[in-house]
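Working through the structure, step by step
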Number of protein chains: 2
Amino acid sequence: MLTHPSIVLLLRRHHLFSQLPERVFEDVCNLAVLKRLECNGTLMHQGDPAKRFFLLVSGQVKLFRVTGEGQENLVEIIQPGQTFAEALLFSQARCYPVSASAIKDSVLVSIEGTHYRKALEDQPKVCLAILASMSIHLHQRLKDIDNLTLASASRRVINFLLQERDPRDGQVVLQVSKRLVASKLGIQPETFSRILHRLVDGGLIAMERRNIRILAEEALEAYQQ
Amino acid sequence: MLTHPSIVLLLRRHHLFSQLPERVFEDVCNLAVLKRLECNGTLMHQGDPAKRFFLLVSGQVKLFRVTGEGQENLVEIIQPGQTFAEALLFSQARCYPVSASAIKDSVLVSIEGTHYRKALEDQPKVCLAILASMSIHLHQRLKDIDNLTLASASRRVINFLLQERDPRDGQVVLQVSKRLVASKLGIQPETFSRILHRLVDGGLIAMERRNIRILAEEALEAYQQ
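Quick notes on the rules
Residues numbered from 1 in each chain as written. Chains lettered and ligands numbered in written order. Predicted model: local features only at pLDDT ≥ 70, side-chain atom pairs only at ≥ 80, totals over all residues. Heavy atoms only, no water. Domains from an automatic or database assignment. Buried < 20%, exposed > 50% of the residue type's maximum accessible area, 1.4 Å probe, protein only. Helix = DSSP H or I, 4+ residues; strand = E, 2+ residues; numbered from the N terminus. Arc of directions from axis to C-beta. Pairing = 2+ DSSP bridges. Contact = heavy atoms within 4.5 Å. Buried area = accessible area lost by both parts, 1.4 Å probe. Salt bridge = Lys/Arg side-chain N within 4 Å of Asp/Glu carboxyl O. Polar contact = N/O pair within 3.5 Å; in protein donor to acceptor, adjacent residues only side chain to side chain.

1. Section: the domain arrangement of chain A
You can read the domains of chain A as domain 1 (5–135) and domain 2 (149–223). The centre of domain 1 of chain A, based on its C-alpha atoms, is set 44 Å off from the matching centre of domain 2 of chain A.

2. A word on helix H2 (residues 22–30) of chain B
Every α-helix carries 3.6 residues per turn, so stepping three or four residues along brings you back to the same face. Among the residues of H2(B), those classed as buried are Val24(B), Phe25(B), Val28(B) and Cys29(B). With its buried residues spanning 140° around the axis, H2(B) presents them on a single face.

3. Concerning the pairing of strand E11 (residues 211–214) of chain A
Residue and element names in this part refer to chain A. Where burial is concerned, the two faces of E11 differ: the one with Ile212 and Ile214 is buried and the one with Asn211 and Arg213 is not. Two elements, strand E9 (residues 171–173) and E11, share three bridges in a ladder whose sense is antiparallel. What sits directly across from Val173, in E11, is Asn211. Here strand E10 (residues 205–208) runs beside E11; their pairing, made up of four bridges, is antiparallel. Its bridge partner being in E11, Met207 is matched across the sheet by Ile212. In this structure, the hairpin formed by E10 and E11 is closed by a connection of two residues, where Arg209 is found at a positive phi of approximately 50°.

4. Here's the deal with the interface of chain B and chain A
In this assembly, 42 residues from chain B lie in contact with 42 residues from chain A. Interface area for chain B against chain A, summed over the two sides, is near 3800 Å², with a carbon-plus-sulfur share of 70%. In this structure, the connection of chain B to chain A is made through two salt bridges. Its salt-bridge partner being Lys104(B), residue Glu190(A) comes within 3.8 Å of it at the nearest N-O pair. Put simply, chain B and chain A have six residue pairs in polar contact (both at pLDDT 80 or more) between them. For the side of chain B that touches chain A, the elements supplying multiple residues, two or more each, are strand E5 (72–78), strand E6 (83–84), helix H3 (86–90), helix H4 (113–122), helix H5 (124–164) and helix H7 (189–201) of chain B. With 23 residues, the top contributor of residues to the side of chain B that touches chain A is H5(B).

Now the structure itself:
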């Protein structure tokens, strides 16, 4: 039975639990247990019956598969706040397709699957509400990916500008079309334009057609970090 | 009614549709329409009744909010293959909280929401199956984020190694602990170790305690791209 108030709260805030009616959530907590794993401790083996799913409270857990040759293939690194093995539960898989072990001292909530699943089957509205919060969560992650990709592309664009600038006046004159420069940098032309406009908005560069002037070199270098 | 075979297939493969029974999927297609938007064309306005959700087939769409001062705040950029506004449908929101317009010529599938939602309410198993495929999708995106973060951290580590190396023998002697170096590079010590081990495995560096020897400088520079 899960009683630790801060961990109950962490669970309650997760998108798989935030939409559960109070009574159902209490039942879930009654059937949940807290688990501690030391670094390198094993949580489950590939092929074990999949009866529970997990929320990582602290530490780090790796999911991996062992190939026929005994080689270990990393599947995913789980960070605190993330759940794992819940997809198995939704799809009623019988066995865990991966092994899991801690790569730091870890604390987890282990949640009984059948009861949770039953609650969703009985209450389609709850199931839809969870779909809604999972959708929102997914959109946030897609946004994160967009930002990360943009950050990496920005770094390439800034590198390019700093390399190509005339040291006397800080000017970069693009010798070829923006489309070609973008392709040379391995990014989409639209992304290239988006980044240049962002730098103009930030007052870091000025741009007139193929003439780009670096206004704040140090700030530009810092932006890249 | 949606009939174009390749677009029907694209829809069928999406995690919101892949688990629908054939008959339900056909009904969804019967109520879906194909929409073309020219660049800058508007799909919906913030506050419009939320009756449909969308799958972007090609092009690019931005979701944005307009503030009281008339300023436009970007919420998300939608890429081909992504759905949007489906979370509203699951949660039965009445109005779109954002506006959407095309930032490239775009093709979309516009899907009637009530019917889709009704199908899930009537068949909890389908709803759970969609939860399962959405979970898997979410885990894949978390993995993408992990890889992108690692790529950006790798770039910082490699930059550091190239800067600090002794030009005569390609050796880097860490003057302080790995923990401190990691913190200086703004990454977690575990991530720093993970990256170093990856470079060792790739034959790019050799490592003995605080001595790191660069074995393949050009390959290391290329790795950074």
